[in-house]
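Residue-level structure breakdown
Here's the letter readout for the chains.
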Amino acid sequence: MPSPAIRLVRSIGRLSLAVAAVAALVVVFLVLVVLTDGAGSGLPAWLTALGVGSALAVWRVRRRRRAWPAQLVPFLLVVVAAALSAAVCIPTVPTARQAPPALPFVATQHWSLATGSRVAVYHYPSAGPGARQPVPLVYLHGGPVRGISVLDHRFLQLLARRGYDVYAYEQAGGGRSDLLPMGQYTVSRSVRDLAAFVDRLGKGEVDVLGFSAGGAVLARALADPDVAGRLHRAVIAEPGPMDGPTARADGHKGRPSARGLAPAPAGPRSTHVPRYAAAFGLMRLGLLTPETGLVGQAEGDNAFTAADLGGDTASAYCARDAHRIPVEDTPQNFSFSPAASLRVQQTVRDSPSLAPQLSRSTTPAMLMIAECFSQLRQWATAVLARDPAVERTQFMPGVGHHMWNGLDDNDERAAAVISAFLQGRPAPLPNYPTREDIPAFLADRR
């Protein structure tokens, strides 16, 4: 009779083989999901994997005849694998779009643009005691396909108190704006929407503040003479990559951010749910397309939460602020479209260089660069190097990517820099880096 130790080793071996068999069937299912691009919410892949597993179980039973209870083991393993895989096929949130509720402090308008986009629009009229600025200010938010955060709304209110007539719209598919067919999400569409928005506004030339992905859209708009003709002045704050060469560039980041240092954000995460962990993970790896049939666009928007962006949010703050990162948004207002954002980012990577067109830009522009930068410095310096109409650069000390963040006097400092440029007044900070400073700026890893 085998000793207890030998029986334990055999039991562990059998259990390991069982776990490996279940894992193998789950892997087969995921491979089939990738091969079918998640067609039918993954159900065809699930049925095929179930059929393969059942066939292997029958073959195993016929090949090794055992007593009746032992014959059920292969089928039990198939059932376990099928149950685990089925969790990837079953939605746990509504599959129809659930737009955020109205904000209590600003009215939401919906404008239909000439491009076919229907966007949510917010207006903060000039409310300051001083003179009203004559040129409207339009805000292009980051994302690229997300809602405008409450933190950004507060900053827009601050600009309105400084005399600006502020308009902001959530880009198509984000926030309270209507969705587009997935194939229509492109960075070029975002530029056309900007032009159509200015036309719909009907107030002549406008100043534009573009932040992060919105800054990249603004840089591309400056490279298009037809769109640039609608712009009076442009403020490009912490831009993302504006074209394929910039997106594929190598380089370094700025001062350390709070990524990896800040406490994990509270709240539920879609990535803790098997269906969305698989869908978003495979999309991020490029194994599923943004048009995947596994999770529809609306369902993905409904599932994604602010906690899913925890690491990205922390990277927008300096390391010194890791333990006092403000809450950027409310759960009710938060909106982010992972699939549409990936689609837009892919169109940026696939686009040719804008250098020839941007070199002919004549719209006065200012570049804002944060000290603590989680993205490549070359994304910002590329705009400075290629656009001769960038009149000044403001290197913002003590702040990260999200420069207006409610901490200390950061909002006031950002507003002062923006106001000085838009009003043609002297800059509060040195004009740094200039084009001539770019090599030293990059070499110093500023």
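Description of the structure in this document. (Residues numbered from 1 in each chain as written. Predicted model: local features only at pLDDT ≥ 70, side-chain atom pairs only at ≥ 80, totals over all residues. Heavy atoms only, no water.)

Re the layout of surface pockets
By volume, the largest pocket amounts to about 1,500 Å³. Lining the largest pocket are 49 residues, and of these G143, R284, D312, Q345 and Q375 lie nearest its centre. Sorting the residues of the lining of the largest pocket by element identifies α7 (213-222), α10 (274-284), α12 (310-314) and α13 (338-349) as the ones contributing at least two each. The greatest single-element share of the lining of the largest pocket, amounting to eight residues, is contributed by α13. For the lining of the largest pocket, the class distribution of residues is 21 nonpolar, 19 polar and nine charged. Taken as a whole, the second largest pocket holds about 830 Å³ of empty space. Lining the second largest pocket are 37 residues, and of these T305, A306, A307, D329 and F334 sit closest to its centre. (1 Å grid on protein atoms, 1.4 Å probe; cavity = no way out; pocket = protein on both sides within 12 Å on 5 of 7 lines; lining within 4 Å. Points joined across faces, edges and corners; volume = space filled by probe spheres on them. Helix = DSSP H or I, 4+ residues; strand = E, 2+ residues; numbered from the N terminus. Nonpolar A, V, L, I, M, F, W, Y, C, P; charged D, E, K, R; others polar.)

What about a nonpolar patch on the surface?
A contiguous nonpolar patch, built from L76, V79, V80 and L84 and spanning about 360 Å² of accessible area, is present on the exposed surface. Locating L84 in the fold gives a position in helix α4 (residues 73-89). (Patch = residues over 30% accessible without salt bridge, like charges linked within 9 Å, V, L, I, M, F, W, Y side chains within 5 Å. Areas by Shrake-Rupley, 256 points an atom, 1.4 Å probe, with all protein chains shown as cover. Salt bridge = Lys/Arg side-chain N within 4 Å of Asp/Glu carboxyl O.)

Section: the nonpolar core
Counting 76 residues, the largest nonpolar core has F29, V138, Y169 and F197 as the members making the most contacts within it. For this core, the element with the highest residue contribution is helix α6 (residues 187-201), accounting for eight residues. The residues contacting V138, other than those within four sequence positions of it, are Y167, Y169, F197, L201, V206, D207, V208 and L209. (Core = buried A, V, L, I, M, F, W, Y, C linked by side-chain atoms within 4.5 Å. Buried < 20%, exposed > 50% of the residue type's maximum accessible area, 1.4 Å probe, protein only. Contact = heavy atoms within 4.5 Å.)

Overview of the state of the cysteines
Throughout the structure, instances matching the rule amount to one disulfide. Between the sulfur of C318 and that of C372 lies a disulfide, 2.1 Å long from S to S. Classification of the bridge connecting C318 and C372 rests on its S-S torsion, roughly 100°, and on that basis the disulfide is right-handed. Of the two residues, C318 is situated in the loop between α12 and α13 and C372 in strand β7 (residues 365-372); the sequence distance between them amounts to 54 residues. Taken individually, C318 and C372 each receive the classification buried, so the pair is uniform in this respect. (Disulfide = S-S within 2.5 Å.)

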